[in-house]
Amino acid sequence: MALRKAVLLDADYTVKKGKTYVRLLLKGKKTFRLYDFYEPYFYADAPESEAEKIMQMAVEHNGEKITPLRVQAVQKNVFGKDKMLLKITCSSPSHVPHLSAKTPHPVYENNILFGRRYMIDKGLSPFCLLAYEREGKFIKKLLWAKEGTPKLNSLAFDIETYNPIGAPRPEKDPCIMISYANGSCGVLTYKKINKPFVVSKKSEAEIISSFCDVLRKNETDVLFGYNSSSFDLPYLQARSGALKIPLPIGRDGRSFLLRKAGMRDMAKIGGRIHIDLYPAIRFLSFIGALKASKFTLEAAYSEITGKQKYMVKRLEIHQMWDSSTDEVREELAHYSMQDAIATKELGAIVLPLLVEMSRLTKMPLFDTAYATAGQLVESLLIYRSYEANAIVPSKPTEAQAKEREAHPIEGAFVKIPKAGIYENIAVFDFRGLYPSIITSHNIDPFTLNCDCCTKEQSFVSPLGSRFCKKKKGLIPAVLEDIMAKRSKLKDELRPLQKDSEAYRTLFARVQALKIIANSYYGYLAYARSRWYAREAGESVTAWGRHYIQDTIAKASQEGFDVLYGDTDSIFLLLGKKGKEDALSFMKKINAALPSGMELELEGFFKRAVFVSKKAADAGAKKKYAMLGEDGKIKIRGFELVRRDWSSVAKDTQRRVLEAVLVHGSPQKAVNIVREVIERLRSGAVPLEELAISTQISKDPKKYEIISPEISAAKKAIARGSHIEKGSIISYIITKNGSTISEKAEILEHAKNYDASYYINHQVLPSVLKILKELGFSEDDLKFKGMQHGLGHFM
DNA sequence: TAATTCGCTAGACCGA
DNA sequence: TCGGTCTAGCGAA
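Bear in mind that the values here come from a model prediction, so they are computed numbers and not experimental data.

## Remarks on the sheet that holds strand β4 (residues 41–44)
Then step 1. Judged by pairing direction, the sheet is antiparallel, and its four strands sit side by side in the order β7-β8-β4-β9 without closing on themselves. Only two strands of the sheet have a single neighbouring strand rather than two, namely β7 (70–78) and β9 (107–108).
Then step 2. Two strands pair when backbone bridges link them, and β7 and strand β8 (residues 81–89) are joined in this way by nine bridges, in the antiparallel orientation. Across the sheet, the residue bridging to Q72 is K87, located in β8.

As structure tokens, this is what we get:
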């Protein structure tokens, strides 16, 4: 029997004649599927004497009688202690929920997806190179698996729809273009358009089937779309239905399956990996792996790649399509092509990150693309539990989750800074504070209050919780591995050229490891976590507070003025001391820290601005700007880093900070403000610079308080705009109305702006706090002091 | 139903 | 009309 090798991409299952087969998606020279017989199971915490009774269980479901296949006693580590459990094997994964619900004992591992179950039990990871023997379509024997790297064929696509009333109606309005991009590019359409990349077909039906042909010929493994799970694919399906044609988009010749997981849509295409970049980019931005704050394709593209994409106004698409001028339709085709190309470029950036997260967490790529942080963290813990022969804790009930949510744990310490302008600052922070606290103190739900150590023998948290010193917990073990892997990869990264492919891939891996490592603390304190432990979670933050406060106290003892500190960082004013003093202080701290924890230098800064709070006289936390030795300005918390402020205010604030930090010139700062106020008063500022963007987290109808963005949204909806939960509203405060809400109009509908609002509510508040630290009191600025004041405040 | 808590701010709302 | 309270959004870590 020949040994064969292929890279594993995904696993799900199918039931044939009452038997369960795992269906593996493999990539060798081609991408193909193989089947492997495997049986689902769950555990019951019951004595062996109950086995016979459990074997007799029967559930009626849809006329089918469901019974267990086998019951056997097995030894498992149950939450820190070895124990005998009953393993109940079933003939189909769909039987597991029925039989586990009927079992009159506590049950475990009764809701682990079966494709995943198989991969875990066989020790397989996504992208592992698998050696096996086969017999027809079946795996005869798995031989070994090691790390592999598949070459995936990817293709990005986008559709354009006819939209005479604004939003297209899937049952009526045709899909007029389908664009795709990989090595080659094309736009499928059914009007004659004279562009080299346009492929003209006779009808809408033909462009849909041609698109499926493109996927087949390209042997697409990874299909990228943008919002394609919620829009493009369902739209194509609806059109296929209306046209009474099939949509053979999968390798199996079938359409896709839409899975709704909470708010997220996941369109799963047979034999391919469909990645909707919209949720993926949202997620990666949320956890800080990518930088995007707006999530339209255009905005994400320009924020992530730094390039601009050609745009047409959505509302004009149907007019362009109907136009009698050739050039207008050519323009539309060009636009459509650009959408697919932009999607392809984003896919190329996102894929390496997703692949690494998938490898690391053992979650297949498709699921990783739609996963939450909790699911990623959980995935790896489940995998490692099996390796340790440990039972996976069950998810909490809704009532338990609510109870946990009602009592949040205490978080980090933040020192109140004194407002002012400072020079010569040293900033230190604890490298990976929470992960290092977890590993250094063996924090885990099942090392908590162990039987094997006395209090004196344990790690005891500042709150008095006790953690085992003898046996390493699962979470610390997993984290240690992640950290070790990360530091190894960082070493490999160092000699590489920054613009090389190897660098980018390795950098993605380093980044993925950091993201996952930083999520474990959150998971410990997450109300719906399988591994929730209040005492463990609050011990992490308690130790965090202890170490930072202790460091602050020691710095003061050494004669440093401690300017500020937040969670894991400490800002020292050097004063008469030198950099060496600060560095030797750091050394001293490190010598006293447990192994695994480290205070490191973030950098020296020439100058810094801290401002006071608006409401009180105290210094504001989480709001400062500093000038680094490299000339770069580090800005945190100021309006100018927030997306819900107008760019006129943000730009002015940035320029003022630069005047203060770089040039040390109050006069320059004042002049900037004066000039901007003049421009605002003259009415010459373009509306784009005045737009304020906020995202709405609820259906616009469901708000109790009508804020400006909701007011603008409601007016826009009345005029036919489509605005829903999650939409980002860009609005202008106009002259029309009395309250601010009344004056708010979305950018597209605004005709003028209220200069007084922008001066008094946007520009001045954002700069006054800074100017105040230059010695101007608010009254000075407003009424006297400067010769001309800052305008007349209308 | 989306990893955590801490913190700032705007503007609406409400009652004196 | 004023000031306190509350809702909501977003950022720091």
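Back to the text.
## Overview of the protein's contact with DNA strand B
Then step 1. Around DNA strand B there are 33 residues in total, and A373, E398, Y526, K621 and Y757 lie nearest to it.
Then step 2. Across the atoms of DNA strand B situated within 4 Å of the protein, the share located in sugar and phosphate is 87%.
Then step 3. Within the side chain of E398, a nitrogen or oxygen atom sits 2.5 Å from a phosphate oxygen of DNA strand B.
Then step 4. The separation between a phosphate oxygen of DNA strand B and a polar side-chain atom of K621 is 2.4 Å.
Then step 5. Of all the secondary structure elements, the ones that give two or more residues to the surface near DNA strand B are α11 (373–387), α15 (501–524), β27 (619–628), α21 (740–743) and α22 (755–772).
Then step 6. Grouping the constituent residues of the surface near DNA strand B by class yields 16 nonpolar, seven polar and ten charged.

## Topic: the domain arrangement of chain A
Reports often express the size of an interface as the amount of accessible area lost when the parts come together.
Then step 1. The domains assigned to chain A are domain 1 (4–147), domain 2 (154–361), domain 3 (398–474 + 528–627) and domain 4 (639–792).
Then step 2. Across the boundary between the two partners, domain 1 contributes five residues, which contact four residues of domain 3.
Then step 3. Together domain 1 and domain 3 conceal approximately 330 Å² of surface at their shared face, both sides included; 47% is due to carbon and sulfur atoms.
Then step 4. The largest contributions to the domain 1 side of the interface with domain 3 come from F79, K81 and N111, which together make up 67% of the buried area.
Then step 5. The interface formed by domain 1 and domain 3 contains zero salt bridges.
Then step 6. Taken together, the connections running from domain 1 to domain 3 amount to one residue pair in polar contact (both at pLDDT 80 or more).

## Considering the sheet that holds strand β13 (residues 175–181)
Then step 1. Across the sheet, which stays open at both edges, the six strands sit in the order β15-β14-β13-β12-β16-β19 with mixed pairing between neighbours. Every interior strand has two partners, whereas the edge strands, β15 (198–200) and β19 (273–276), have only one. Strand-to-strand twist across the sheet, computed as the mean angle between neighbouring axes with direction ignored, equals 25°.
Then step 2. Lying over the sheet, helix α6 (residues 277–286) contacts β16 (222–225) and β19, oriented at roughly 60° with respect to β19.

## Description of the packing of α11 against helix α14 (residues 474–493)
Then step 1. Here α11 crosses α14 at 110°, and the two axes come no closer than 10 Å. The angle between the axes of α11 and α14 places the two elements in the roughly perpendicular class. On α14, the residues that touch L380, L381, R384 and S385 of α11 are L474, I475, A477, V478, D481 and I482.

## Focus on the side chain of N182
Then step 1. One can find N182 in the loop between β13 and β14 (185–189).
Then step 2. Judged by its relative accessible area of 17%, N182 is buried.
Then step 3. Side chain to side chain, N182 and N218 meet in a polar contact 2.5 Å long.
Then step 4. Look past the residues within four positions of N182 in its chain and what remains in contact with it is S154, L155, N218 and K344.

## Brief notes about the environment of E135
Then step 1. You can see E135 is positioned in strand β10 (residues 128–135).
Then step 2. On the basis of relative accessible area, E135 is assigned to the partly exposed category, the value being 47%.
Then step 3. With sequence-adjacent residues up to four places away left out, E135 is seen in contact with M1 and K140.

## Some details on a nonpolar patch on the surface
Then step 1. Taken together, the side chains of L3, L143 and W144 define a hydrophobic patch exposed on the protein surface, amounting to about 260 Å² of accessible area.
Then step 2. Turning to its location among the elements, L3 is positioned in the segment before β1 (4–16).

## Some words on the packing of aromatic side chains
Geometrically, a pair of aromatic rings is defined through the distance of the ring centres and the angle of the planes.
Then step 1. Evaluation of the coordinates by the stated rule reveals 28 aromatic pairs.
Then step 2. Centre to centre, the rings of Y38 and Y118 are 5.5 Å apart; their planes meet at 80°, and the pair counts as edge-to-face. Of this pair, Y38 sits in the loop between β3 (31–37) and β4 while Y118 sits in helix α3 (residues 114–121); the two residues are 80 residues apart in sequence, bridging distant segments of the chain.
Then step 3. Looking at Y38, the relative accessible area reads 16%, which means it is buried.
Then step 4. Consider the rings of F231 and Y235, whose centres lie 5.3 Å apart with planes at 40°: the pair is tilted. Here Y235 and F231 lie together in helix α5 (residues 228–243), a separation of four residues that amounts to about one turn.

## Details of the state of the cysteines
Then step 1. Scanning the entire structure with this criterion turns up zero disulfides.
Then step 2. With no disulfide of its own, C185 lies 18 Å from the sulfur of C175, the closest cysteine sulfur.
Then step 3. We note that C452 lacks a disulfide partner, and the nearest cysteine sulfur, in C468, lies 3.5 Å from it.

## Thoughts on the pairing of strand β28 (residues 633–636)
Then step 1. Sheet topology places β27 next to β28; four bridges connect them, and they run antiparallel. Its bridge partner lying in β28, L627 is registered against I633.
Then step 2. From the end of β27 to the start of β28, which pair antiparallel, there are four residues, and G631 there has a positive phi angle of about 85°.

## A closer look at helix α20 (residues 708–718)
Then step 1. All of the buried residues in α20 are P708, E709, I710, S711, A712, A713 and A716.
Then step 2. Next to the buried residues of α20 lie β29 (692–695), β30 (728–733), α21 and β31 (744–746).
Then step 3. Phi turns positive, to about 100°, at G720, one or two residues after α20.

## Some thoughts on the protein's contact with DNA strand C
Then step 1. Around DNA strand C sit 19 residues, and of these D568, Y624, S697, K698 and Y703 come closest.
Then step 2. Of all DNA strand C atoms lying within 4 Å of any protein atom, the proportion belonging to sugar or phosphate reaches 84%.
Then step 3. Between Y624 and DNA strand C, the recorded distance is 2.7 Å, taken from a side-chain N or O atom to a phosphate oxygen.
Then step 4. Interatomic distance of 2.9 Å between a backbone N/O atom of Q695 and a phosphate oxygen of DNA strand C.
Then step 5. Of all elements in the fold, only β27 and β29 reach the threshold of two or more residues within the surface near DNA strand C.
Then step 6. Residue composition of the surface near DNA strand C, by class: five nonpolar, five polar and nine charged.

## Some points on the environment of K634
Then step 1. Counting through the fold element by element, K634 comes out in strand β28.
Then step 2. A relative accessible area of 18% means that K634 is categorised as buried.
Then step 3. Expressed as a C-alpha distance, the spacing of K634 and Y624, which sit ten residues apart in the sequence, is 8.2 Å.
Then step 4. Leave out the neighbours within four places in its chain, and K634 touches E602, F605, Y624, A625 and M626.
Then step 5. A polar contact of 2.9 Å, which involves the side chain of K634, links it to the side chain of E602.

## Brief notes about the pattern of salt bridges
Then step 1. With the rule as written, the count across this model stands at 46 salt bridges.
Then step 2. One salt bridge connects R23 with D12, and the closest N-O pair in it is separated by 3.0 Å. In this pair, R23 is assigned in strand β2 (residues 19–27) and D12 in strand β1, connecting sequence segments eleven residues apart.
Then step 3. Accessibility expressed as a relative area gives 18% for D12, which makes it buried.
Then step 4. In this structure, E492 engages K488 in a salt bridge whose closest nitrogen and oxygen atoms are separated by 3.7 Å. Placement of the pair is E492 and K488 together in helix α14, with a separation of four residues, close to one helical turn.

## Observations regarding the nonpolar core
Then step 1. In this structure, I275, I281 and Y520 are the most contacted members of the largest nonpolar core, which totals 103 residues.
Then step 2. Here this core takes 13 residues from α15, the largest share from any one element.
Then step 3. I281 has contacts with Y226, L290, A292, F295, A300, I304, L346 and V350, leaving out every residue within four places of it along the chain.
Then step 4. Counting 53 residues, the second-largest nonpolar core is a separate cluster that includes V609, V648, I677 and I692.

Thresholds applied
- Residues numbered from 1 in each chain as written.
- Chains lettered and ligands numbered in written order.
- Predicted model: local features only at pLDDT ≥ 70, side-chain atom pairs only at ≥ 80, totals over all residues.
- Heavy atoms only, no water.
- Pairing = 2+ DSSP bridges.
- Helix = DSSP H or I, 4+ residues; strand = E, 2+ residues; numbered from the N terminus.
- Near = heavy atom within 4 Å.
- Polar contact = N/O pair within 3.5 Å; in protein donor to acceptor, adjacent residues only side chain to side chain.
- Nonpolar A, V, L, I, M, F, W, Y, C, P; charged D, E, K, R; others polar.
- Domains from an automatic or database assignment.
- Contact = heavy atoms within 4.5 Å.
- Buried area = accessible area lost by both parts, 1.4 Å probe.
- Salt bridge = Lys/Arg side-chain N within 4 Å of Asp/Glu carboxyl O.
- Axes fitted to C-alpha atoms, helices over the stretch in contact; angles between N-to-C directions.
- Parallel < 35°, antiparallel > 145°, perpendicular 65-115°, else oblique.
- Buried < 20%, exposed > 50% of the residue type's maximum accessible area, 1.4 Å probe, protein only.
- Patch = residues over 30% accessible without salt bridge, like charges linked within 9 Å, V, L, I, M, F, W, Y side chains within 5 Å.
- Areas by Shrake-Rupley, 256 points an atom, 1.4 Å probe, with all protein chains shown as cover.
- Phe/Tyr/Trp six-rings, centres within 6.5 Å; stacked < 30°, edge-to-face > 60°.
- Disulfide = S-S within 2.5 Å.
- Core = buried A, V, L, I, M, F, W, Y, C linked by side-chain atoms within 4.5 Å.

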